[in-house]
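Chain by chain, the residues run as shown.
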Amino acid sequence: MRTFFRTLSDTFSFFVLWARLECLALFGSAKKSRAIGLNPQQAGLRHALLLSFFPPMITGGVYRPLSLAKYAHRSQWHIDVLTAHSGEEVSPPAQALLKEVPPDVGVYRPAMKKLQPAWSISQKVEVDGGLVNALTLAKWGIKNLSDELFDVIVASGPSFSYFITGYLISKSFGRPLVLDYRDEWSENPFSFVKRTSFGGKWEKRCLAHAKKVIFTTDSQKEHACDIFGQSVYDKSIVIRNGWDEEHRGNPDLLGQKPKPTPHSIVFAGYIGLHAPFHLFLEDLRQSAQRKPALVENYQISVVGSQPPEVISQTKSSPLGSIVVFEPQLPITDVITRLNSGRIGLIIVTKDFERYIPGKLYYYLASDIPILVFGAPGETKNIVEELDAGIFVEDGNPEKLIDALATFDREPASRWNNQARKDWLISHTRANRADAFFKALDELV
């Protein structure tokens, strides 16, 4: 009975909160007397409120928001961050990321009451990241942050509940909204983003209100035009991700690692549906049947935390004996670890056609050639354009044999050419952040 009344109360509170925020979005809110986070060092700077995942959380999506906070001052901007993530991680890689956050960046992680409306209601209003989370975070931001403090509201997703929070705060504060698509929302091909018809309606609403929309690839921008129309395309720009020059790594790391074999393949990152490692091993197995000596020469190092079942399945596979699993490294050591190998392996499926994996920037910042395995798309195009490696489509073991033979024959320096180096300079996190804030300059 207590559960029933709790659910009834939470459902009522949820609708009251939603209605209140919609009214604030429609009519605006009174000016706030509080101005959390402002200090004398920020005088004269333009201010943005960034809504996003943020360190010490570790996902592929935290590095872009972190870089905006790190390099905002170069463009006379100051960033404050509002996030729903509590920041409880204490792992060394997480703490290393947290140390990169400038001390003057205000990071707000409010502890909010978790409403649990009736399941039937929750299912009808389901969005990526949760509508309840979007509304409660918006309520906290509107109540506790000053509308006079911020010039621009920036929402970076996923999670795309941050887009809804950004929309509500932007409407309430009367400040322009910028949507930063680290991934696509309704058009996302991956399972880590929840796609619902209700979420699709919210996406169109957020896009209609936004003053600027930022994508990470040209193909994503073109696809958005096809789906959402010319009006979205006209206010959209492309700012790719990048790599951080501060992450060149610890030169002492090599002395802490066993010396790799001359034919070491390094795969850095998470093995999952998005990186079907077993397909690569199967093609390598078939390659070894055609050329038995091939497998004797290679060791594959998988760097990063993996689910126990993935490790077990890999170890029990026909080529499990040549795969070595290594623990997760701080991002500052990834480039150094790649350089201790001979080939960097990236696996991309057809779902990556419009995507550039964040790891590609760090692979390109290393000195080793890149083997792109899987399906064609943005990753293949960049690596081939820069002549930084070889693409092998899955299901083609003969091409894999040829690629490995080429890597064995050619010195690593052959793939580390001037075009690759020039591309890296233009894609540092600092330069990408400069482009981001130049876009924001147009709104204030």
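The rules behind the values
- Residues numbered from 1 in each chain as written.
- Predicted model: local features only at pLDDT ≥ 70, side-chain atom pairs only at ≥ 80, totals over all residues.
- Heavy atoms only, no water.
- Helix = DSSP H or I, 4+ residues; strand = E, 2+ residues; numbered from the N terminus.
- Rg over C-alpha atoms; globule rule 2.2 N^0.38 Å.
- Buried < 20%, exposed > 50% of the residue type's maximum accessible area, 1.4 Å probe, protein only.
- Pairing = 2+ DSSP bridges.
- Right-handed = clockwise from strand over helix to strand, strands pointing away.
- Contact = heavy atoms within 4.5 Å.
- Axes fitted to C-alpha atoms, helices over the stretch in contact; angles between N-to-C directions.
- Core = buried A, V, L, I, M, F, W, Y, C linked by side-chain atoms within 4.5 Å.
- Salt bridge = Lys/Arg side-chain N within 4 Å of Asp/Glu carboxyl O.
- 1 Å grid on protein atoms, 1.4 Å probe; cavity = no way out; pocket = protein on both sides within 12 Å on 5 of 7 lines; lining within 4 Å.
- Points joined across faces, edges and corners; volume = space filled by probe spheres on them.
- Nonpolar A, V, L, I, M, F, W, Y, C, P; charged D, E, K, R; others polar.
- Phe/Tyr/Trp six-rings, centres within 6.5 Å; stacked < 30°, edge-to-face > 60°.

K.L.:
What exactly am I supposed to notice about the overall build of the protein chain here?
P.N.:
Within the protein chain, the regular secondary structure consists of 19 helices and 13 strands. Relative to a compact globule of 444 residues, whose C-alpha radius of gyration would be 22 Å, the protein chain shows 24 Å and is just as compact. Each of the three principal axes of the protein chain carries a C-alpha extent, and together these read 75 × 55 × 45 Å. Within the span of the protein chain, comprising 444 residues, buried residues form 55% of the whole.

K.L.:
Would you take a moment to explain the pairing of strand 11 (residues 343-348) for this structure?
P.N.:
When a strand is regular, its side chains alternate between the sheet's two faces. Counting buried residues along strand 11, 6 of its 6 residues qualify, which places the element largely inside the surrounding structure. Taking every second residue as pointing to the same face, both faces of strand 11 are buried, with Ile343, Leu345 and Ile347 on one and Gly344, Ile346 and Val348 on the other. Looking at chain direction, strand 8 (residues 264-268) and strand 11 are connected through 2 bridges and run parallel. Bridge pairing in strand 11 links Val266 to Gly344. A crossover connection joins strand 11 to the parallel strand 12 (residues 370-374) through helix 15 (residues 358-365); in handedness this β-α-β unit is right-handed.

K.L.:
In this structure, what is going on with the sheet that holds strand 1 (residues 46-51)? I would like to understand it.
P.N.:
Consider a sheet: its strands pair through backbone hydrogen bonds, and that pairing is either parallel or antiparallel. The sheet built from 7 strands is open, its strands ordered 3-2-1-4-5-6-7 with parallel pairing. Because the sheet does not close on itself, it has two edges, and the strands there are strand 3 (107-108) and strand 7 (236-238). Sheet topology places strand 2 (residues 77-82) next to strand 3; 2 bridges connect them, and they run parallel. Residue pairing in the sheet places Val81 in a bridge with Val107 of strand 3. Its contacts with the sheet place helix 2 (residues 63-71) against strand 1, strand 2, strand 4 (152-157), strand 5 (177-181) and strand 6 (212-215), and it is angled at close to 140 degrees to strand 2. In the packing of helix 7 (residues 197-209) onto the sheet, the strands contacted are strand 5 and strand 6, and the crossing angle to strand 5 comes to about 125 degrees.

K.L.:
For this particular structure, what's the right way to read the nonpolar core?
P.N.:
Soluble globular proteins: nonpolar side chains tend toward being buried together. Residues Leu364, Phe437 and Leu440 are the most contacted members of the largest nonpolar core, which totals 58 residues. For this core, the element with the highest residue contribution is helix 15, accounting for 6 residues. Residue contacts for Leu440: discarding those within four places in its chain leaves Ala48, Trp77, Val152, Val154 and Val178. Among the nonpolar cores identified, the runner-up in size contains 48 residues, and Phe14, Leu21, Leu51 and Cys206 belong to it.

K.L.:
Got a minute to help me understand the pattern of salt bridges in this structure?
P.N.:
Once their charged atoms are close, side chains differing in charge can pair, the charge on each being opposite to the other. Enumeration over the complete set of coordinates arrives at 16 salt bridges. Put simply, Arg205 and Glu22 hold a salt bridge, and the shortest N to O gap is 2.5 Å. Residue Arg205 is located in helix 7, and its partner Glu22 is located in helix 1 (residues 2-27); the two are separated by 183 residues in the primary sequence. Look at the salt bridges and you will find they share partners, linking Lys70, Glu100, Asp244 and Glu246 into a network.

K.L.:
What is the right way to look at the layout of surface pockets in this model?
P.N.:
The computed volume of the largest pocket comes to approximately 1,500 Å³. Every residue lining the largest pocket is counted, 47 residues in all, and those nearest its centre are Thr59, Gly60, Gly61, Gly358 and Lys359. Only helix 2, helix 3 (92-98), strand 11 and helix 15 provide two or more residues apiece to the lining of the largest pocket. Element by element, the count of residues in the lining of the largest pocket is highest for helix 15, at 4 residues. In terms of residue class, the lining of the largest pocket is made up of 26 nonpolar, 15 polar and 6 charged.

K.L.:
What is the right way to look at the sheet that holds strand 9 (residues 299-303) in this model?
P.N.:
Across the sheet, which stays open at both edges, the 6 strands sit in the order 10-9-8-11-12-13 with parallel pairing between neighbours. Whereas interior strands pair on both sides, the edge strands pair on one side only; in this sheet they are strand 10 (323-326) and strand 13 (389-393). Geometrically, the sheet is characterised by an average inter-axis angle of 25 degrees between neighbouring strands, direction not taken into account.

K.L.:
Honestly, the environment of Phe192 in this entry has me stumped. Any pointers?
P.N.:
Of note, Phe192 is situated in the loop between strand 5 and helix 7. A relative accessible area of 40% places Phe192 in the partly exposed class. Once the C-alpha coordinates of Phe192 and Gly28 are considered, the two residues, 164 residues apart in sequence, prove to be 34 Å apart. Residues within four places of Phe192 in sequence aside, it is in contact with Asp128, Pro158, Asp183 and His274.

K.L.:
Sorry if this is basic, but what is going on with unusual backbone geometry here?
P.N.:
The omega angle of the peptide bond from Gly157 to Pro158 is 10 degrees, so this bond is cis rather than trans. When you line up the elements, Pro158 lands in the loop between strand 4 and helix 6 (161-173). Going from Pro158 to Ser159, the amide bond is cis rather than trans, its omega being -5 degrees. Positionally, Ser159 belongs in the loop between strand 4 and helix 6. Residue Gln76 is not a glycine yet carries a positive backbone phi of 60 degrees. Not every positive phi belongs to a glycine, and Asp387 is a case in point at roughly 55 degrees. Following the sequence through the fold, Asp387 ends up in the loop between helix 16 (378-385) and strand 13.

K.L.:
What should I look at first to understand the packing of aromatic side chains in this one?
P.N.:
To describe a pair of aromatic rings, you give the distance between the ring centres and the angle between the ring planes. In this structure the tally under the stated criterion is 23 aromatic pairs. Seen from their ring centres, Phe14 and Trp18 are 5.7 Å apart, and the 50 degrees between their planes marks the pair as tilted. Here Phe14 and its partner Trp18 are both found in helix 1, 4 residues apart, which amounts to about one turn of the helix. For Trp18, a relative accessible area of 17% translates into the label buried. Considering the side-chain rings of Phe277 and Phe280, the 6.4 Å spacing of their centres and the 40 degrees angle between planes classify their relative orientation as tilted. Highlighted residues: Phe277 and Phe280, both in helix 11 (residues 277-290), separated by 3 residues, approximately one helical turn.

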